[in-house]
Amino acid sequence: MTATGLAALLVAGAGQSQTTAPQQPVSPAQAEVPDQADTETLREALVQTYRTNPTLTGQRAQVRTLDEDVAIAKAQGRPQISATAGVNQDLTRTGGGNGRNFSAGVDVSLPLFQGGRVRNSVRAADVRVLAGRATLRATQGDIFTEAVAAYMDVIRDRSVVTLNRNQVQVLETNLQASEDRFEVGDLTRTDVAQSEARLSLARSTLAIAEGQLDASEENYRRVIGELPGDLQPPPPLPPLPETPDRAVEIALANNQDLVSIQNQVRAAGLDVRVASADRLPTVEAIGSGRYTNFLGSQDERFGTAPGELPNTETTTGIGVQARIPLYQGGIVGARVRQAQAFQSQLIEQGIEIERAVVANTRAALSSYQAARDAIESNEIAVAANQLALEGTRAEQSVGTRNVLDVLNAEQELLNSQVALVTARRDAYVAGFQLLNAMGQAEVEDLNLDGGYIYDPAVNYERVSDRASDWDSDPEPRPVATRTVYGPPENTPVTPPTE
């Protein structure tokens, strides 16, 4: 099954209108659009979203924090080096002069055996990086789905506004014609009142539609980062599964939320091993070096002739030190059980996410199929209402129908046109939601390559093996664009290179 592109969403031939004026075909291209942007395609909107949406840029930063956890875990297995220096002066001393000295030393320790703590910590951090990347991909799919919905909402609401604006114009003409015919005695005051009431109702409906359009355009700017321009119909969706079982099968194999929770469960299992390592001995190699200068106070301290005792002293030493835990008050057992409980929690969350994926996939496919059926029914309704309006208008001209019959026929046509526009929007959005649930709303699937593509592996390779205590990144700056009018001075409005 191939999803139909929303080029067909535009109501072709909105039908005939009121008593005296034919209703002209309308399309969203006739709707008012802001001057802030030019003609825009769905791909361009998704590229803009991908580059500057704050949810995405924030999630990328979250993945970078997980990259640093790998470097932190590896640091536990590296040598630790520290230096000390100090000047000391004895204030009182019995049996000799007061001493003073300057001392400096270096201590080195190298972990030899940590009970598997370091190895499992590094493995857990690596697995959490994989989970974070899967979460990033899932977030991208969710944001792309939100962007597609925002894009289609604007197209739908502009079409609805255009249809209602056209309806108001025709009703205004119809009211004028009714008043003219009333003046010559061809119609009654009741006919004029009915025309006035229907025009007022149409103006009210138009005001509501315009308000909804404003809300949709602001939501578009919130998600995509700028006001919509003249939005073009989106391309057709790729083929979608025919059955719910097939859709669920694809989703269970590709959904990134499932990939993320599975990796989180693996990492939690490694955390149990890390906690258990506190029960095992640890062994480390140690080395030290000390230099002491007594600053000429040795002879005074011990009452010897000047120069008889050395005023400097140097010592070095190496060794191996083991720590064997015998009893730690039960803290290790508590930490192990805590880690196991957390792993159990994640396992249950995995089942919860799996349920949600199954339900969302089936619901999206059902919504898509229902919207497709609604499109077919509404297309028939539009065609039938067009014929009914033409017939009612003809019958009214020979006196077998009244003004109210024509007004009702026109309203039925408008309602079916709006329903058709809405059904086509719903079909496209539901189809994209299904793609997202099946893990097929990725950058590659959306043809967003060839430009800026964020690769989380680049930062991982950059930082995971760093061993410098003095290494840091530049001061963070915003990547997402702001949507306030007139950004303050020195506020970046274009994303810097991540």
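To keep things clear, this report deals only with the structure shown in the data block. (Residues numbered from 1 in each chain as written. Predicted model: local features only at pLDDT ≥ 70, side-chain atom pairs only at ≥ 80, totals over all residues. Heavy atoms only, no water.)

### Comments concerning the overall build of the chain
Then step 1. Helix and strand counts for the chain come out as 10 helices and four strands.
Then step 2. Going from N to C terminus, the chain has its helices and strands arranged as α-α-β-β-α-α-α-α-β-α-β-α-α-α.
Then step 3. The 498 residues of the chain split such that 42% are buried.
Then step 4. Across the chain, the fraction of contacts at a sequence separation of at least 24, relative to all contacts at a separation of at least 6, is 82%. (Helix = DSSP H or I, 4+ residues; strand = E, 2+ residues; numbered from the N terminus. Buried < 20%, exposed > 50% of the residue type's maximum accessible area, 1.4 Å probe, protein only. Contact = heavy atoms within 4.5 Å.)

### Looking at the layout of surface pockets
Here the idea is plain: a probe the size of a water molecule rolls over the atoms and shows the empty space left.
Then step 1. One number sums up the size of the second largest pocket: a volume of about 460 Å³.
Then step 2. Lining the second largest pocket we find 16 residues, and of these Ala-75, Arg-466, Ala-467, Ser-468 and Asp-469 sit closest to its centre.
Then step 3. Of all the secondary-structure elements, those providing two or more residues to the lining of the second largest pocket are helix H2 (54–75) and strand E1 (80–89).
Then step 4. A per-element tally of the lining of the second largest pocket places H2 first, with four residues.
Then step 5. Broken down by class, the residue content of the lining of the second largest pocket amounts to seven nonpolar, three polar and six charged. (1 Å grid on protein atoms, 1.4 Å probe; cavity = no way out; pocket = protein on both sides within 12 Å on 5 of 7 lines; lining within 4 Å. Points joined across faces, edges and corners; volume = space filled by probe spheres on them. Nonpolar A, V, L, I, M, F, W, Y, C, P; charged D, E, K, R; others polar.)

### A few points about the nonpolar core
Then step 1. Within the largest apolar cluster, 43 residues are counted, with the highest numbers of intra-cluster contacts made by Leu-46, Phe-144, Tyr-151, Tyr-220 and Phe-432.
Then step 2. Those residues in contact with Phe-144, other than ones at most four positions away along the chain, are Leu-46, Tyr-50, Phe-432, Ala-441, Val-443, Leu-446 and Leu-448.
Then step 3. Grouped together as the second largest cluster of nonpolar side chains are 14 residues, Val-160, Leu-187, Val-192 and Ala-202 included. (Core = buried A, V, L, I, M, F, W, Y, C linked by side-chain atoms within 4.5 Å.)

### Quick look at a nonpolar patch on the surface
Then step 1. Side chains of Leu-110, Leu-112, Phe-113, Leu-280 and Val-320 sit close together on the surface and give an oily, nonpolar patch of about 450 Å² of accessible area.
Then step 2. Of all the elements, strand E2 (residues 100–113) adds the most residues to the nonpolar patch, at three residues. (Patch = residues over 30% accessible without salt bridge, like charges linked within 9 Å, V, L, I, M, F, W, Y side chains within 5 Å. Areas by Shrake-Rupley, 256 points an atom, 1.4 Å probe, with all protein chains shown as cover. Salt bridge = Lys/Arg side-chain N within 4 Å of Asp/Glu carboxyl O.)

### What about the side chain of Asn-101?
Then step 1. If you trace the backbone, Asn-101 turns up in strand E2.
Then step 2. For Asn-101, a relative accessible area of 17% corresponds to the buried category.
Then step 3. Apart from the residues within four sequence positions on either side, Asn-101 is in contact with Gly-86, Val-87, Asn-88, Thr-292, Asn-293, Phe-294 and Leu-295.

### With respect to the sheet that holds strand E3 (residues 282–293)
Then step 1. Read from one edge of the open sheet, four strands run E1-E2-E3-E4, paired in antiparallel fashion. Of all strands in the sheet, those with a lone pairing partner are E1 and strand E4 (312–323), marking the two edges. Between one strand axis and the next, the sheet turns by 15° as a mean value, whatever way the strands run.
Then step 2. Two strands pair when backbone bridges link them, and E3 and E4 are joined in this way by 12 bridges, in the antiparallel orientation. From the neighbouring strand, Glu-284 faces E4, where its bridge partner is Gln-321. (Pairing = 2+ DSSP bridges. Axes fitted to C-alpha atoms, helices over the stretch in contact; angles between N-to-C directions.)

### Considerations on the packing of aromatic side chains
Then step 1. As enumerated under the stated definition, the model contains two aromatic pairs in all.
Then step 2. Geometrically, the ring pair formed by Tyr-151 and Tyr-220 is tilted, given 6.4 Å between the ring centres and 40° between the ring planes. Residue Tyr-151 is found in helix H3 (residues 117–183), and its partner Tyr-220 is found in helix H4 (residues 189–224); the two are separated by 69 residues along the sequence.
Then step 3. By relative accessible area, which is 0% here, Tyr-151 ends up buried.
Then step 4. Here Arg-60 stacks its cationic end above the ring of Tyr-50, 4.6 Å away from the centre of that ring.
Then step 5. Sitting above the plane of the Phe-182 ring, Arg-189 keeps its charged end 4.5 Å from the centroid. (Phe/Tyr/Trp six-rings, centres within 6.5 Å; stacked < 30°, edge-to-face > 60°. Lys NZ or Arg CZ within 6 Å of the ring centre and 35° of its normal.)

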